[in-house]
Amino acid sequence: MHYDGLIVRSATKATAEVINAGKNLKIIGRAGTGVDNIDIPAATERGVIVMNTPGGNTLSAAEHTCTLMACLARQVPQAAASMREGRWDRKKFMGIELLGKTLGIIGLGRIGREVATRMQSFGVRTIGFDPIVPAEAAKEFDVEFFELNDLWPECDFITVHTPLIPQTKGLLGDATFAKCKKGVRVINCARGGIIDEAALLRALQSGQCAGAALDVFEQEPPQNTELIQHPNVIPVCHLGASTVEAQSRVAVEIAEQFVDFNEGRSLFGAINAHAMVKALSPSAKSLVKLGERLGRLIEVLYGLEACKEISIVANGPDYSEAPSFLPAAVLSGVLASNSSGLTLNLVNAPDFAKKKGITAKATHCATAESSYRNTITVSVGGHTFGGTVIGGSSPMFTELDGNQLHSPINAVGNVVIGRGPALSAPKFINIMAEHGIFTYACSGGGGIGMLDVSEIVPEDVLNKMRSIPEVTFASMV
């Protein structure tokens with residue numbers, strides 16, 4: 001329970017119970033592609049990064065797909081089983097050639113592309129669909145792009161290489177098989193559930209589907225024994241990544257990805273931490289801290305209800321990438337005292353804010369309209385606060401409610417904020433001095449003052465400040 005990282009393969013389940021027991025857990029790595037065995041919502045809620053090794057299994061999965069396609073064409077496993085039973089059924093196992101056949105590839109990512117390249121060497125025509133990959137990109141590896149409804153009737157073989165998500169669950173079902181050529185053959189080395197197993201069995205029984213090679217199933221081990229015992233089905237026990245090379249490769253890759261994350265180099269393979277991808281450098285981490293503190297400042301002054309819509313602008317030439325992570329950083333600060341005991345970070349703050357009905361959007365402006373080269377401004381309900389990072393590592397407050405501070409205040413120090421006339425500041429300083437708390441810097445404007453002090457100010461001392469006539473507010477940030 002004291003470890004910072006956890007690495008699993010396919011058989012180990014990282015459940016919510018396991019994740020919540022890891023009090024120091026920061027990252028979970030899957031040595032492989034699929035993350036079905038990791039409770040990603042639970043990890044995200046805890047602010048734990050989940051990553052996989054998307055490329056480590058590619059070649060093994062592609063080769064496995066091609067092997068199963070060839071086996072479907074020539075019924076090799078069935079013939080081998082017949083031989084073991086003492087029969088010599090040459091006439092029973094009449095196959096087909098691959099030359100000139102059309103393979104429909106659903107999902108043109110790494111594995112889909114490798115399958116296309118290999119099957120083209122057999123003289124197979126490759127067509128495909130992917131909602132993300134454009135037709136021009138598919139052409140680069142000699143795949144003709146088709147929309148799904150146009151693809152089905154073209155195919156002699158269909159292979160799927162997509163994740164199992166709501167949009168792909170049951171993608172090949174009764175309606176799809178009805179659109180296919182009679183005698184189509186299908187391969188699934190991706191995820192069980194993409195092919196509706198009940199619909200597949202009906203298509204096999206009717207002859208609409210001539211054969212299926214299944215490496216994955218809706219339940220594993222599969223419960224649909226009628227399907228796996230069908231004579232035209234080649235069932236395999238999820239072997240797509242089961243090669244010596246792939247297992248070694250994914251183990252090395254996930255270890256290297258952990259090291260890269262720990263050393264701030266990259267976050268390759270992250271599933272649930274998009275806001276962190278460009279927030280790993282020391283300068284970006286300082287901006288993250290500034291965003292958190294600006295968010296906290298606004299919540300302290302105006303309360304959570306006033307923070308339903310937050311607008312953030314990254315100003316200046318050096319902050320062009322900041323909009324990718326600033327919304328999550330600011331939300332972390334806004335929600336810090338309303339997080340139900342959770343520690344918020346760039347991973348879980350956006351989801352937590354969504355549940356609270358809070359949104360934050362960030363844009364970039366090439367120039368900063370201030371005396372600083374780069375600034376961050378955060379606005380809610382007509383109130384704008386700003387800051388900058390000095391020297392690449394020192395977050396500073398520079399703007400209070402639209403008023404530029406005459407001198408910046410250390411944003412990561414012990415900061416006291418107060419409302420009242422300007423003459424209140426010396427009284428604040430004197431009250432704190434009486435309790436051994438020293439003031440390093442003081443600045444303000446527009447009736448708001450800010451002090452950088454030596455330690456956290458106790459509540460009884462803050463109450464003395466609040467009792468000063470005309471002071472309407474005093475708090476720690």
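Our subject is the structure that appears above.
Note that the coordinates shown come from a computational prediction; the quantities given were computed from them, not determined experimentally.

A word on the overall build of the protein chain. The helix and strand inventory of the protein chain stands at 16 helices and 20 strands. In terms of overall dimensions, the protein chain is more spread out than a globule: its C-alpha atoms have a radius of gyration of 30 Å, far above the 23 Å expected for 477 residues. Based on the C-alpha atoms only, the size of the protein chain along its principal axes is roughly 100 × 45 × 35 Å. Partitioning the contacts of the protein chain with sequence separation of at least 6, the portion at a separation of at least 24 is 62%.

The interhelical angle for the contact between helix H15 (residues 424–434) and helix H16 (residues 459–466), taken along N-to-C directions, is 150 degrees, at an axis separation of 10 Å. One way to sum up the angle between H15 and H16 is to call them roughly antiparallel. Regarding H15 and H16, the two cross each other, and that crossing is right-handed. Together, Phe 428, Ile 431 and Met 432 of H15 and Val 461, Lys 464 and Met 465 of H16 make up the contact between the two elements.

If you trace the six strands from one edge of the open sheet to the other, you get S12-S11-S13-S14-S15-S16, paired in mixed fashion. Of all the strands in the sheet, just strand S12 (359–365) and strand S16 (403–410) have a single pairing partner and so form its edges. In this sheet, adjacent strand axes meet at a mean angle of 20 degrees when their direction is disregarded. In the sheet, strand S13 (residues 375–380) pairs with strand S14 (residues 383–390) via five bridges, with the strands oriented antiparallel. Along S14, the bridge assignment pairs Val 380 with His 383. Taken strand by strand, helix H12 (residues 282–302) contacts S13, S14 and strand S15 (394–400), and its axis lies near 155 degrees from that of S14. Against the sheet, helix H13 (residues 326–334) engages strand S11 (309–315), S12 and S13, with an angle of about 130 degrees to S11.

A few words on the pairing of strand S17 (residues 414–419). Of the pairings in the sheet, the one linking S17 to strand S19 (residues 448–453) comprises six bridges and is antiparallel in character. By the bridge assignment for S19, Val 416 is matched with Leu 451. Across four bridges, S17 lies against strand S20 (residues 473–476) in antiparallel orientation. Bridge pairing in S20 links Val 416 to Met 476.

Another point: the packing of aromatic side chains. In total, this model carries two aromatic pairs according to the counting rule given. Centroid distance Phe 129 to Phe 145: 5.9 Å. Interplanar angle 45 degrees. Geometry classified as tilted. Highlighted residues: Phe 129 in strand S5 (residues 125–129) and Phe 145 in strand S6 (residues 144–145), separated in sequence by 16 residues. Looking at Phe 145, the relative accessible area reads 25%, which means it is partly exposed.

Turning next to H15. Taken together, the buried positions of H15 are Ser 424, Ala 425, Phe 428, Ile 431 and Met 432. Considered in projection along H15, the buried side chains sweep an arc of 125 degrees and stay on one side of the axis. Each element contacted by the buried residues of H15 is listed here: S17, strand S18 (439–445), S19, H16 and S20. Positive phi appears at Gly 436, one or two residues downstream of H15, with a value of about 75 degrees.

As for its position among the elements, Leu 200 is in helix H9 (residues 197–206). With 106 residues separating them along the chain, Leu 200 and Met 94 place their C-alpha atoms 22 Å apart. If we ignore the near neighbours within four places in the chain, the residues touching Leu 200 are Phe 177, Val 186, Ile 195, Cys 209, Ala 212, Leu 214 and Leu 227.

Here the focus is the packing of H12 against H13. Close contact between H12 and H13 brings their axes to 6 Å; oriented N to C, the two are set at 45 degrees. On the basis of their axis angle, the class for H12 and H13 is oblique. Between H12 and H13 lies a crossing of right-handed hand. Every residue of H13 that contacts H12 at Leu 287, Val 288, Gly 291, Glu 292, Gly 295, Arg 296 and Glu 299 is listed here: Leu 326, Ala 329, Val 330, Ser 332, Gly 333 and Val 334. Partitioned by chemical class, the residues of the contact of H12 with H13 number six nonpolar, four polar and three charged.

It is worth spelling out the sheet that holds strand S4 (residues 102–106) at this point. Ordered in space as S6-S5-S4-S7-S8-S9-S10, the seven strands form an open sheet in which the pairing is parallel. Edge positions in the sheet fall to S6 and strand S10 (233–235), since each of these pairs with one other strand and no more. Contacts from helix H3 (residues 58–74) reach S4, strand S7 (157–160), strand S8 (184–188), strand S9 (209–214) and S10, with the element oriented near 150 degrees to S8. Across the sheet, helix H5 (residues 110–120) is in contact with S4, S5 and S7; its angle to S4 comes to roughly 170 degrees.

Side-chain pairs of opposite charge can arise where the charged atoms are in close proximity. For the coordinates displayed, the defined rule picks out 16 salt bridges. Residue Glu 114 is joined to Arg 118 by a salt bridge in which the shortest nitrogen-to-oxygen separation is 2.5 Å. With Glu 114 and Arg 118 both in helix H5 and four residues apart, the pair spans about one turn of that helix. One salt bridge in this structure joins Asp 260 and Arg 265, with 2.7 Å as the shortest N-O distance. According to the relative accessible area criterion, Arg 265 is exposed, its value standing at 52%. Several salt bridges share partner residues, and in doing so they unite Glu 85, Arg 87 and Asp 89 into one network.

Calculation rules
Each residue is numbered by its place in its chain's sequence as written, counting from 1. In keeping with the predicted nature of the model, local features appear solely for residues at pLDDT of at least 70, side-chain atom pairs appear and are counted solely at 80 or more, and the whole-chain, interface and lining totals rest on all residues. The side-chain values count all of the structure's non-hydrogen atoms but skip hydrogen atoms and water molecules. Numbered from the N terminus, helices here are DSSP runs of H or I no shorter than four residues, and strands are runs of E no shorter than two. Just to be clear, the radius of gyration here is over C-alpha atoms, and the globule rule we use is 2.2 Å times residues to the power 0.38. It only takes one pair of heavy atoms within 4.5 Å for two residues to be counted as in contact. An axis is simply a line fitted to the C-alpha atoms; with a helix, the fit covers only the stretch in contact. Between two such axes, the angle follows the N-to-C directions and lies from 0 to 180 degrees. The scheme is simple: roughly parallel for angles under 35 degrees, roughly antiparallel for over 145, roughly perpendicular for 65 to 115, oblique for anything else. Note: crossing handedness is left-handed where the near helix turns anticlockwise from the far helix by less than a right angle, and right-handed where it turns clockwise. Strands were regarded as paired on the criterion that DSSP finds at least two bridges between them. When the centres of two rings from Phe, Tyr and Trp lie within 6.5 Å, Trp using its six-membered ring, the rings pair. Their planes under 30 degrees apart give stacked, over 60 give edge-to-face, and anything left gives tilted. Between buried and exposed lies partly exposed: a residue is buried under 20% and exposed over 50% of the maximum accessible area for its type, with that area taken using a 1.4 Å probe on protein chains only. Note that the arc is defined by the directions from the helix axis to the C-beta atoms. Residue polarity is assigned by list, with Asp, Glu, Lys and Arg as charged and Ala, Val, Leu, Ile, Met, Phe, Trp, Tyr, Cys and Pro as nonpolar; anything else, Gly included, falls into the polar class. By salt bridge we mean one thing: a side-chain nitrogen of Lys or Arg within 4 Å of a carboxyl oxygen of Asp or Glu.

That is the geometry; function is a separate question.
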